[in-house]
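This is what each chain is made of:
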Amino acid sequence: MSRIDDSREFIPVRIAVLTVSDTRVLGDDRSGDTLVERLTTAGHHLAARAIVQDDRADIVAQLRAWIAAPEIDVILSTGGTGLTGRDVTVEAHRDVYEKEIEAFGTVFTHVSMAKIGTSAVQSRATGGVAGGTYLFALPGSPGACRDAWDEILLWQLDYRHRPCNFVEIFPRLDEHKRRK
């Protein structure tokens with residue numbers, strides 16, 4: 001059973017929030033606002049925030065820029081994970097992943113099933129790692145962002161979470177580059 005180990009110190013993570021949308025601006029980006037509110041309330045730092053169009057090359061360019069930024073540990077994107085022709089966020093994420101975290105999508109589907117039933121099959125939420133940075137592509141609804149944060153990311157981005165968490169393996173994400 002997962003739990004918080006109070007003998008460990010909380011380690012804030014530096015998180016960038018990317019909204020993928022052809023119509024949103026910062027003033028009406030409810031999903032991005034939801035993620036910012038959740039991550040800052042948890043004690044993490046907002047490292048960057050941007051909105052890009054539903055364009056695969058633009059999304060990839062923003063992801064790569066943030067992956068290369070040493071002040072960013074995690075990238076959360078919202079929007080563009082559905083099934084329509086303009087939904088290309090998942091493909092953009094996979095263009096940059098070194099490793100995909102397949103279980104993230106599975107766990108997100110499980111969480112979503114409890115909230116929205118079989119409509120959960122329409123989400124293609126995904127997670128991965130590139131350049132020592134975690135990346136998660138979440139659906140564009142505030143509810144889905146809340147669910148992903150509250151049920152998965154809040155715990156996995158907390159160093160105190162047991163039996164394991166993403167934070168404790170940060171130093172090992174790019175260890176293959178050090179081996180020669």
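Residues numbered from 1 in each chain as written. Predicted model: local features only at pLDDT ≥ 70, side-chain atom pairs only at ≥ 80, totals over all residues. Heavy atoms only, no water.

Enquirer: Explain the overall build of the chain here, please?
Expert: When you go through the chain residue by residue, the secondary structure sums to five helices and eight strands. The secondary structure elements of the chain, listed N-terminal to C-terminal, are β-β-α-β-α-β-α-β-α-β-β-α-β. The C-alpha atoms of the chain give 16 Å as radius of gyration, which agrees with the globular expectation for 180 residues (16 Å, within 12%). Taking all 180 residues of the chain together, 48% fall into the buried category. Summing over all exposed atoms, the chain offers an accessible surface of approximately 9,000 Å²; the carbon and sulfur share of this is 52%. On the chain, the mean spot of the 22 positive side-chain charges and the mean spot of the 26 negative ones are 4 Å from each other. (Helix = DSSP H or I, 4+ residues; strand = E, 2+ residues; numbered from the N terminus. Rg over C-alpha atoms; globule rule 2.2 N^0.38 Å. Buried < 20%, exposed > 50% of the residue type's maximum accessible area, 1.4 Å probe, protein only. Areas by Shrake-Rupley, 256 points an atom, 1.4 Å probe, with all protein chains shown as cover. Lys, Arg positive; Asp, Glu negative; His and termini not counted. Charge placed at Lys NZ, Arg CZ, Asp CG, Glu CD.)

Enquirer: What exactly am I supposed to notice about unusual backbone geometry here?
Expert: Note: most residues except glycine have negative phi, and most peptide bonds are trans. Here the residue pair R162 and P163 is connected by a cis peptide bond, since its omega of 15° sits within 30 degrees of zero. Considering the arrangement of structural elements, one finds P163 in the segment after strand 8 (161-162).

Enquirer: Looking at this structure, how should I read the packing of helix 2 (residues 56-68) against helix 3 (residues 89-96)?
Expert: Two packed helices can be described by the angle between their axes and the distance between those axes. Put simply, helix 2 and helix 3 touch, their axes get as near as 9 Å, and they point 45° apart. Overall, the two elements helix 2 and helix 3 adopt an arrangement that is oblique. Taken as a pair, helix 2 and helix 3 cross one another with a handedness that is right-handed. For the pair helix 2 and helix 3, contact is made by R56, I59, V60, L63, R64 and I67 and by T89, E91, A92, H93, D95 and V96, respectively. Within the contact of helix 2 with helix 3, the residues separate by chemical class into six nonpolar, two polar and four charged. (Axes fitted to C-alpha atoms, helices over the stretch in contact; angles between N-to-C directions. Parallel < 35°, antiparallel > 145°, perpendicular 65-115°, else oblique. Left-handed = near helix turned anticlockwise from the far one by under 90°. Contact = heavy atoms within 4.5 Å. Nonpolar A, V, L, I, M, F, W, Y, C, P; charged D, E, K, R; others polar.)

Enquirer: Help me understand the sheet that holds strand 2 (residues 14-20), please; the structure alone is not making it clear to me.
Expert: Hydrogen bonds between backbone atoms are what pair the strands of a sheet, whose relative direction is either parallel or antiparallel. In spatial order, the strands read 3-2-4-7-6-5; together these six strands make up an open sheet with mixed pairing. On the outer flanks of this sheet lie strand 3 (45-52) and strand 5 (99-100), each paired with one strand and no other. Of the strands in this sheet, strand 2, strand 3, strand 4 (74-78), strand 6 (126-130) and strand 7 (133-138) touch helix 2, which is tilted by about 175° from strand 2. Packed on one face of the sheet, helix 5 (residues 142-156) meets strand 2, strand 4 and strand 7 and runs near 140° to strand 7. (Pairing = 2+ DSSP bridges.)

Enquirer: Sorry, what's going on with the pattern of salt bridges here?
Expert: Side chains that carry opposite charge are capable of pairing whenever their charged atoms lie near each other. The tally for this structure, following the rule as stated, stands at 14 salt bridges. The partner of D73 in a salt bridge is R14, with the nearest N and O atoms 2.8 Å apart. You can see D73 sitting in the loop between helix 2 and strand 4 and its partner R14 sitting in strand 2, a full 59 residues away along the chain. The exposure class assigned to R14 is partly exposed, which follows from its relative accessible area of 32%. D28 is the partner of R24 in a salt bridge, and the nearest nitrogen-oxygen pair spans 3.7 Å. (Salt bridge = Lys/Arg side-chain N within 4 Å of Asp/Glu carboxyl O.)

Enquirer: Where do I start with the nonpolar core in this structure?
Expert: In summary, soluble globular proteins display a tendency toward joint burial of nonpolar side chains. Counting residues in hydrophobic clusters, the biggest one holds 28 residues, and the most contacted among them are V74, Y134 and F136. When contributions to this core are tallied by element, the ones reaching two or more residues are strand 2, helix 1 (30-41), strand 4, helix 4 (102-116), strand 7 and helix 5. With six residues, helix 5 is the largest single contributor of residues to this core. Dropping the residues within four chain positions of it, V74 is found in contact with V13, R14, I15, A16, T133, Y134, F136, L157 and F170. Residues A48, A50, I59 and I67 belong to the second largest nonpolar core, which totals 20 residues. (Core = buried A, V, L, I, M, F, W, Y, C linked by side-chain atoms within 4.5 Å.)

Enquirer: Hey, could you run me through helix 5 in this one?
Expert: Because the α-helix completes a turn every 3.6 residues, residues three or four places apart line up on one side. Relative to the 21 Å expected for 15 residues at 1.5 Å per residue, helix 5 spans 20 Å between its end C-alpha atoms, a close match to the ideal helical length. The axis of helix 5 is deflected most strongly, by about 45°, at W149. The complete set of buried residues in helix 5 reads P142, A144, C145, D147, A148, W149, I152, L153 and Q156. Where helix 5 is buried, its residues meet strand 2, helix 1, strand 4, helix 4, strand 7 and strand 8. (Expected span 1.5 Å × (residues − 1). Bend = angle between axes of the 7 residues up to and from the residue.)

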